[in-house]
Amino acid sequence: MSGPVISVQSLQELLASGEPVVLLDVRWALGHTDGHKQYERGHIPGAVYVDLEKELAAPAGNGSAGRHPLPAPEDFHRTVRGWGINPGDTVVVYDAVSGTSAARAWWLLRHAGLDSVYLLDGGVVAWHRAGFALQGGTVVPDPGNVELSWGRMPVVEMWDVPAVVASGRLIDARAKERYRGDREPVDPRAGHIPGAVNAPAAGNLAEDGTFRPPEELRTAYEALGVRKGDPVAVYCGSGVSAAHDVVALELAGYRAALYPGSWSQWSSTKGSPIALGTQAGEWPGAVKKR
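Now for a description of the structure that goes with this document.

Cut-offs applied
- Here, residues in each chain are numbered from 1, in the same order as that chain's written sequence.
- Two thresholds apply to this predicted model, a pLDDT of at least 70 for residue-level local features and 80 or more for giving and counting side-chain atom pairs, whereas whole-chain, interface and lining totals are computed over all residues.
- Where side-chain values are given, they derive from all heavy atoms of the structure, hydrogens and water being excluded.
- By definition, two strands form a pair when at least two bridges between them are found by DSSP.
- By the criteria applied, helices consist of DSSP H or I runs no shorter than four residues and strands consist of E runs no shorter than two, each listed in order from the N terminus.
- Any two residues whose heavy atoms approach within 4.5 Å at even a single point are treated as in contact.
- Lines are fitted to the C-alpha atoms to define the axes, a helix being fitted only along its stretch in contact, and any angle between axes, read from their N-to-C directions, falls within 0 to 180 degrees.
- A pair is scored as a salt bridge if a Lys or Arg side-chain nitrogen falls within 4 Å of a carboxyl oxygen belonging to Asp or Glu.
- Per-residue accessibility, obtained with a 1.4 Å probe over protein chains only, is compared with the maximum for each type, and a residue is labelled buried under 20%, exposed over 50%, and partly exposed between these values.

## Topic: the sheet that holds strand β6 (residues 169–172)
Link 1 in the chain: Here 4 strands make up an open sheet; going across it, the order is β7-β6-β8-β9 and the pairing parallel. Looking at strand neighbours, the two that pair on one side only are β7 (197–198) and β9 (257–258), the edges of this open sheet.
Link 2 in the chain: Relative to β9, strand β8 (residues 232–235) runs parallel, the two sharing 2 bridges. Of the residues in β9, the one forming a bridge with V234 is L258.
Link 3 in the chain: Across the sheet, helix α10 (residues 242–251) touches β6, β8 and β9, and the angle it forms with β8 is around 150°.

## With respect to the pattern of salt bridges
Link 1 in the chain: Enumeration according to the criterion identifies 13 salt bridges in this entry.
Link 2 in the chain: Here E216 ties to R212 by a salt bridge, and the two come within 3.2 Å at their closest N and O atoms.
Link 3 in the chain: Residue R212 is classed as partly exposed on the basis of its relative accessible area of 23%.
Link 4 in the chain: Among the ionic contacts, a cluster of salt bridges with common partners joins R67, D172, R174, R178, E184 and D187.

Nothing here speaks to function; it is all geometry.
Shown next as structure tokens:
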């Protein structure tokens, strides 16, 4: 296998091969808290439930780092072992929303040094649509003993953003109405980071909820000004769905950085400039490192 995603058919073949595979079910969506109940009603057999709020993020605290800060490396190490992951395992993550939440787990596991980690294309919906069985209840794995590193995926912090805007492309993965500032249901202020262009995560998908072909994604991102050799970074509301754009950009042949604090950090920071509307405005000033 190569690339960041795996098809349902390839997953079924992998499971049938007897190779060690760990399945992680990341049922989560903004504003919904019934992910575990959904998982218990039916998940891919053997899959372990992952709590995005508790296991894929540190506590938000005062909000200065955003709504879903990256977990501390030592905490994430314990979490990953609790999922039953051992050296040499292949890890496949999925959700019920076409990868837009499970991409966060994919990104963190890659950031923590795992190479054989894949996002299931189309998620549990595609699995069920293909006629494969679901399992109810809860899977409690034996603890694993995998050793992790940290810092394997590119990251930008708030103070790095002006340089990305000046020399490359900063991509906002939120829905168009939030990017324009028409509404803001979660964070303190509406709008977007000046100079950012909009590529909603949903736009990475075909009608069946799987990723569009790499050549289509490449054309779409290049139309936004993404170029080989130039930096590209992605943000969203809190660093979750932005990881979906990172996956799509990798499929398109680009290595993108994640801005983990995203709009939730930016809009909460006093003095941070904000743009409204559909045009990527000129950068009005710098953000100093705090």
